[in-house]
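As a plain string of letters, each chain reads:
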Amino acid sequence: MIDLHLHSFVSDGDLSPSEIVRKAKQNGISTLSLTDHDSISGIAEAQLVCKQLGIRFIPGVELEAATDISRSRYIHILGYNFNNSNILNEYLTKLREERIYIIMEYVKVLRTLGIYTSYEEISSITSGLHITAYHIPMFLHQNGYYESFSQAKKDFINPSGKYYIPRNFYDVDFIINLILKAGGIPVLAHPCRLPQKNEALDSYVAELTSKGLLGIETFYPEHCNEDVIFYKSLAQKYGLLQTAGSDWHSEKSQIKMGFEFSNEEAIVKSLLNCKRD
């Protein structure tokens, strides 16, 4: 059994990296990757416990890549088996500093609107250490200042919003290139969540492949059999490796950790042996 898409409290999960690994062991998982959002600070801990428990470990991360800045749209790119953590850490440290600054600026804006809060209160509305500008509309909706998350997002996150604060965006080209520079393997996460479907998705995957994409997350809890067949065909068509991940975050989730199928070893070997240009 394998699981190449897991989150700890280093990003937005509930468990520590060590607890994630121990749970994976209990579930019979023999190979895993910790893929926290925009952070690799849990990797050393997870790797150590994997070694102690006899689980094969593949370092990973899940990065946000902007696709439509005008609408604040983005996709997620998984990065696997990188060998230069310094390149990633330089970017991730800068990214976190930028996000903290933006939240602090939004706190000032909210105070002018008579909403008195703090960075600590806003960052605590979700599990883990992950923080983004999206915490602002989440906070406003959860605390009754907005009836809908989408309206709060429109006002505060979309560039056309009346309370929007400009922030840096890192597009797909940048993110894929960053992972490649770090010696990693860029993989398209949960393609079912992309707005493009069928032929449009085929064309988009072709575009991403031309930018350096090396894999696609074929096996995912939200993928039906038809999805899996289609994503397999895209992988074969564009020479992409395939991965499998649960995107597990919490004990409260209905999602089961781990995938078990006949060719799981081939998936793992394709990641470990993938050649980067």
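Residues numbered from 1 in each chain as written. Predicted model: local features only at pLDDT ≥ 70, side-chain atom pairs only at ≥ 80, totals over all residues. Heavy atoms only, no water.

1. Considering the overall build of the protein
- Looking only at helices and strands, the protein features ten helices and eight strands.
- The buried share among the 277 residues of the protein stands at 52%.
- As presented, the protein carries roughly 13100 Å² of accessible surface, and 49% of it is formed by carbon and sulfur atoms. (Helix = DSSP H or I, 4+ residues; strand = E, 2+ residues; numbered from the N terminus. Buried < 20%, exposed > 50% of the residue type's maximum accessible area, 1.4 Å probe, protein only. Areas by Shrake-Rupley, 256 points an atom, 1.4 Å probe, with all protein chains shown as cover.)

2. Examining the layout of surface pockets
- Reported here for the largest pocket is a volume of approximately 880 Å³.
- Looking at the largest pocket, it is lined by 33 residues, and the ones nearest its centre are His37, Tyr74, His76, His190 and Arg193.
- Among the secondary structure elements, those contributing two or more residues to the lining of the largest pocket are β4 (60-68), β5 (73-80), α5 (135-142) and α6 (149-156).
- A class-by-class count of the residues in the lining of the largest pocket yields eleven nonpolar, twelve polar and ten charged.
- Approximately 270 Å³ is the volume attributed to the second largest pocket.
- Every residue lining the second largest pocket is counted, 16 residues in all, and those nearest its centre are Glu64, Leu95, Arg99, Arg167 and Asn168.
- Among the elements of the structure, β4 and α3 (85-112) are those that each provide at least two residues to the lining of the second largest pocket.
- The dominant element in the lining of the second largest pocket, judged by the number of residues it contributes, is α3, at six residues.
- Of the residues in the lining of the second largest pocket, the class split is ten nonpolar, two polar and four charged. (1 Å grid on protein atoms, 1.4 Å probe; cavity = no way out; pocket = protein on both sides within 12 Å on 5 of 7 lines; lining within 4 Å. Points joined across faces, edges and corners; volume = space filled by probe spheres on them. Nonpolar A, V, L, I, M, F, W, Y, C, P; charged D, E, K, R; others polar.)

3. Section: the pairing of strand β1 (residues 2-6)
- Burial analysis of β1 places five of its five residues in the buried class, the great majority of the element.
- As paired strands, β1 and strand β2 (residues 31-34) are joined by three bridges and run parallel to one another. Counterpart to Leu6 in the pairing with β2 is Leu34.
- Running through helix α1 (residues 17-26), the crossover from β1 to the neighbouring parallel element β2 is right-handed. (Pairing = 2+ DSSP bridges. Right-handed = clockwise from strand over helix to strand, strands pointing away.)

4. Details of the sheet that holds β4
- In spatial order, the strands read β4-β5-β6-β7-β8; together these five strands make up an open sheet with mixed pairing. Every other strand in the sheet has two partners, leaving β4 and β8 (241-244) as the edge strands with one partner each. Ignoring which end each strand starts from, the neighbouring axes of this sheet average 40 degrees apart.
- Across four bridges, strand β7 (residues 215-219) lies against β8 in parallel orientation. When the bridges of β8 are listed, Gly215 appears paired with Leu241.
- In the packing of helix α7 (residues 172-181) onto the sheet, the strands contacted are β4, β5 and β6 (185-188), and the crossing angle to β4 comes to about 155 degrees.
- Here helix α10 (residues 264-272) sits on the sheet in contact with β5, β6, β7 and β8, set at roughly 120 degrees to β8. (Axes fitted to C-alpha atoms, helices over the stretch in contact; angles between N-to-C directions. Contact = heavy atoms within 4.5 Å.)

5. Remarks on the side chain of Asp202
- By the secondary structure assignment, Asp202 is in helix α8 (residues 198-211).
- On the accessibility criterion, Asp202 (15% relative accessible area) is buried.
- A polar atom in the side chain of Asp202 sits 2.2 Å from the side chain of Tyr238.
- Those residues within four positions of Asp202 in sequence are excluded, and the remaining contacts are Leu234, Lys237 and Tyr238. (Polar contact = N/O pair within 3.5 Å; in protein donor to acceptor, adjacent residues only side chain to side chain.)

In short, shape yes, function no, at least from these values alone.
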